Each structure stands twice: as structure tokens, then as C-alpha cells.
Amino acid sequence: MSVLDDIVAGVRTDLAARESVTGLADLRAALADVDPPRDPMPHFRAAGSSVIAEVKRRSPSKGDLADITDPAALARQYAAGSVMSARSPSPGSTPPAAPPRSAC
């Protein structure tokens, strides 16, 4: 099985778990009450905006990208204002959303 196959299998497993908790009809009903998406571009272009960066150590297709032993130190170097962590089954993607976030 390839890395991509592993990722697809993980996403399917995650989707099945989510569907067992919230059915499609319930999801659609909940979405009917959600505000429309907002355009983030005016905020990105405004004076005082910062760079949004991703700290990515490993890629499923490229393998190791960078040897980042201290994500918090890297976040301080970038003077990051916010850190987001997407759930991903790719190797090297977990843990640390908390150390970089707390460094800012």
C-alpha cells in the first residue's frame, strides 16, 4: 500500500466515524443556519497584516522536508501570530500545534 493509499484509507475511516455521529441530513440541516463564508482577502491586504506560514516537516509524497526539532523556536523566528493544525494522517504531522502556538 502506498502512502497515498494510507492517507485515503485514513480519511475514509475518519469520515465513517463522523457519519456515525452526525448523519448527512443532520449536517445539511445544521448548514442551513450557517452564515455565508466571509472574504478574508481584505484582512490579508490591510496594513499590519502578517504572514501566514505552515510548519511542515514531512510530505506524504516527498518524504522528509525539514528537520524541525523545535517548532516553538521556529514559530518565534517567523514571529507567527497564529498557528493552525489540520488533522492529517501523514507521518510527522502530529503532535505539535500547542508548542508553536504557545511560543507566540
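This is a predicted model, so every value here is computed, not measured.

## Regarding the overall build of the chain
Helices and strands together make up the secondary structure of the chain, namely five helices and two strands. Each of the 104 residues in the chain was classed as buried or not, and the buried ones make up 13%. The long-range fraction of contacts in the chain, counting pairs at least 24 apart against all pairs at least 6 apart in sequence, stands at 44%. Summed over its atoms, the accessible surface of the chain is roughly 8500 Å², and 56% of this surface lies on carbon and sulfur atoms.

## Details of the environment of threonine 69
Secondary-structure assignment places threonine 69 in the loop between β2 (63-64) and α4 (71-78). Judged by its relative accessible area of 69%, threonine 69 is exposed.

## A closer look at the pattern of salt bridges
Scanning all chains against the criterion turns up one salt bridge. For the salt bridge of aspartate 14 with arginine 18, the shortest nitrogen-to-oxygen distance reads 2.9 Å. Of the two residues, aspartate 14 and arginine 18 are both situated in helix α1 (residues 3-21); the distance of four residues between them amounts to about one turn of the helix. You can call aspartate 14 partly exposed: its relative accessible area is 29%.

## Some remarks on the confidence of the model for the chain
Scored by pLDDT, the chain has a mean of 74; 69% of the residues are at 70 or more. Predicted confidence is poor over residues 90-99, with pLDDT under 50, and the contacts of this stretch with residues over four places away or in other chains come to 10 contacts.

## Points about a nonpolar patch on the surface
Residues Leu24, Leu27, Leu31 and Val34 make up a contiguous nonpolar surface patch of roughly 380 Å² in combined accessible area. The exposed category is assigned to valine 34, whose relative accessible area is 52%.

Calculation criteria
Residues numbered from 1 in each chain as written. Predicted model: local features only at pLDDT ≥ 70, side-chain atom pairs only at ≥ 80, totals over all residues. Heavy atoms only, no water. Helix = DSSP H or I, 4+ residues; strand = E, 2+ residues; numbered from the N terminus. Buried < 20%, exposed > 50% of the residue type's maximum accessible area, 1.4 Å probe, protein only. Contact = heavy atoms within 4.5 Å. Areas by Shrake-Rupley, 256 points an atom, 1.4 Å probe, with all protein chains shown as cover. Salt bridge = Lys/Arg side-chain N within 4 Å of Asp/Glu carboxyl O. pLDDT = per-residue confidence, 0-100. Patch = residues over 30% accessible without salt bridge, like charges linked within 9 Å, V, L, I, M, F, W, Y side chains within 5 Å.

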